[in-house]
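Examining the three-dimensional arrangement
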Amino acid sequence: MSDQEPLLPAAEPTSSDPLLGRVAQQDRLSTYHRRRRTILIAFGIAFLLLVAFTVAGFFFTTRHKGDRNKNRKPNVILMISDGFGPASETLARNYYQYTHDVPESHQLPLDTILVGAARTRSSDSFVTDSAAGATAYACGIKTYNGAIGVNPEHKPCGTVLESAKDKGYLTGLVVTSRVTHATPACFAAHADSRTLEDEIALHEIGNYTLGRSVDLMFGGGSCFFKPNSEAGSCRSDDTNVYALAQESGWHVGPSDRSIFDALDPASILLPFLNLFTEDHMAFEIDRNDLIEPSLKDMTVKALDILTLSEENEKGFFLMVEGSRIDMAAHNNDPAAHVREILAYQDTVAAVMAYVDENPGTVMISVSDHETGGLSVGYQLDEHVYPDPYEWRPQALVNVKRSIEVIAPLITNFTGTSSELRAFVNQTVFHDWLDIQDPTAAEIKSVTAKGLSYEDTILYLGRAQSRRAVLGWATHGHSAVDVNLYAYGHNAEQLRGNIENTEIGKFIIRQMDLDVDAITAKLARLDVPSEGDVQARTTVKHYPSHT
């Protein structure tokens, strides 16, 4: 017999009358079954109520989300980390973990939104440049290195920014380079060479076939907006692009950082142009916070202005570029490079917060290419196997200036050779680069008579990188795939390893754009070329974009 309790209640002793005993037992069984039915019915009702509330909640939530979707503006924020490859993300993460004493599990903002990788080859090389790379994102096509918004046949291609403006969206460019540099130029200008920054400046303010397509521009490069008769100009002609911009309705903001900070985003009238430096903006390691805003500062201000503008009826397209990541890598300057990346990561975090607060928005972060062929770890002596395996972030922590800032101070030094050696040994190596053990060979190489700026960059970068045990394969670009990050509405559609042109096509779908219609309008544009002297000296006036 089992020790378990019986399923039915045991019969109690009855009187000697068998019939009465059977009746009593049947009453007890009937009572048991009634109780069991009552319990089952109660459980059944409770279950049905639970299902009903769950279904009702689901339909309520779905309908509520649907109502919100109707009012969501399909903002697209394309962030381009120029020259930033997979190894650079590792470098920055390791450096941050070391300097902030956080565990190895700590992630940077980009680490949390990795969705895939982008292939970067151009139409004429496995190794792209920024112009071809940015045109792939702007037009959704492959083109040749150096091309600014034109196809391999040198014909202009409609860009996502131009098409967004044509569709009624607001548009903006925020960069730390000159605004006429290759990446921003590809979204708002058309030229057969990236060197034609005189003409690119004119296109960006709307002096071309389409009229104005850009509503907001923040960055550096005011020298291309000033006539060559004015101090601080780098134009080859006497065209005053600032004056032309203001005549066509542009509002020009202050270069003064404090005034910029005080600007009320809700009161800014578009179009709005704010350039803070004559050339590229300073590297983060050199930036004076009282003079120049950071990439994050400019991006947050731009987002606020575009969001609060009375003209924002449909949403906006904003391109944000961490331009100087690339330039530090060109110099093989790891201390400047890692700080540019961390400044970009801060900007990414701010944009992610904006996406959270503005459903319907998507942020894409991708590089146009990798620069420098960075390796996080380096064999210092080709004849000696590296032991231990390591790289040393501590070698970058106390570096105070970029190599770009230091090099001209050496090449333009006016003292004696012994004074130059003392300056390089004490000020450059010890004080600025935190190299406390410079070798005689290193000092000699940097102080050689007639040393060029480029060779000075080379030797200083090599000395700094060796202390950190970092390697560089080139001062140019490489062909490696770049990481692709996305966050927000439909971000999952970018998963996988894709061609860079697919990112442009994603933006086209996301905002329901018609770049082919823009390309057709541009067919009559006489694309500026390096050999076209007339394009360099004549300014044509076009109607404002409607």
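Quantities reported herein were computed from a predicted structural model and do not represent experimental measurements. (Residues numbered from 1 in each chain as written. Predicted model: local features only at pLDDT ≥ 70, side-chain atom pairs only at ≥ 80, totals over all residues. Heavy atoms only, no water.)

Examining the packing of aromatic side chains
Following the criterion strictly, the structure yields nine aromatic pairs and no others. Ring centres of Phe260 and Phe276 lie 4.9 Å apart, and the angle between their planes is 85 degrees; on these two criteria the pair is classed as edge-to-face. Of this pair, Phe260 sits in helix α8 (residues 257–262) while Phe276 sits in the loop between β6 (272–275) and α9 (295–308), and the two are 16 residues apart along the sequence. Residue Phe260 is classed as buried on the basis of its relative accessible area, which comes to 1%. Overall, Phe276 belongs to the buried group, its relative accessible area being 8%. With centroids separated by 5.3 Å and ring planes inclined at 25 degrees, the aromatic side chains of Phe413 and Phe423 adopt a geometry described as stacked. Separated by ten residues along the polypeptide, Phe413 in the loop between α13 (403–411) and α14 (417–432) and Phe423 in helix α14 bring together distant segments of the chain. Given the relative accessible area of 29%, Phe413 is considered partly exposed. (Phe/Tyr/Trp six-rings, centres within 6.5 Å; stacked < 30°, edge-to-face > 60°. Helix = DSSP H or I, 4+ residues; strand = E, 2+ residues; numbered from the N terminus. Buried < 20%, exposed > 50% of the residue type's maximum accessible area, 1.4 Å probe, protein only.)

Quick word on unusual backbone geometry
Backbone torsion omega between Leu270 and Pro271 reads 0 degrees, so that peptide bond is classified as cis. Topologically, Pro271 is positioned in the loop between α8 and β6. A cis amide bond links Asp387 to the next residue, Pro388, at an omega of 10 degrees. Relative to the elements of secondary structure, Pro388 occurs in the loop between β9 (370–371) and α12 (394–397). We note that Asp512 has phi near 55 degrees; this positive angle belongs to a residue other than glycine.

Section: the sheet that holds strand β11 (residues 482–488)
Judged by pairing direction, the sheet is mixed, and its ten strands sit side by side in the order β5-β6-β4-β3-β7-β1-β8-β11-β2-β12 without closing on themselves. The open sheet is flanked by β5 (251–252) and β12 (496–499), the only strands paired with a single partner. Looking at chain direction, strand β2 (residues 114–119) and β12 are connected through four bridges and run parallel. In the strand pairing of β12, Ala117 is matched with Asn497. (Pairing = 2+ DSSP bridges.)

Digging into the state of the cysteines
Per the stated rule, a full pass over the model turns up two disulfides. A sulfur-sulfur separation of 2.2 Å characterises the disulfide bridge that pairs Cys139 with Cys157. Torsion about the S-S bond of the Cys139 and Cys157 cystine: about 75 degrees, corresponding to right-handed handedness. Of the two residues, Cys139 sits in helix α3 (residues 130–139) while Cys157 sits in the loop between α3 and α4 (160–166), which places them 18 residues apart along the sequence. Judged on exposure class, the residue Cys139 and its partner Cys157 are both buried. Put simply, Cys223 and Cys234 are joined by a disulfide, and their sulfur atoms are 2.0 Å apart. For the disulfide bridge between Cys223 and Cys234, the dihedral angle about the S-S bond is near 65 degrees, and by the sign convention the bridge is right-handed. You can see Cys223 sitting in the loop between β4 (216–220) and α7 (241–247) and its partner Cys234 sitting in the loop between β4 and α7, a full eleven residues away along the chain. What makes Cys234 partly exposed here is its relative accessible area of 32%. The cysteine Cys186 is free of any disulfide, with Cys139 supplying the nearest cysteine sulfur at 7.8 Å. (Disulfide = S-S within 2.5 Å.)

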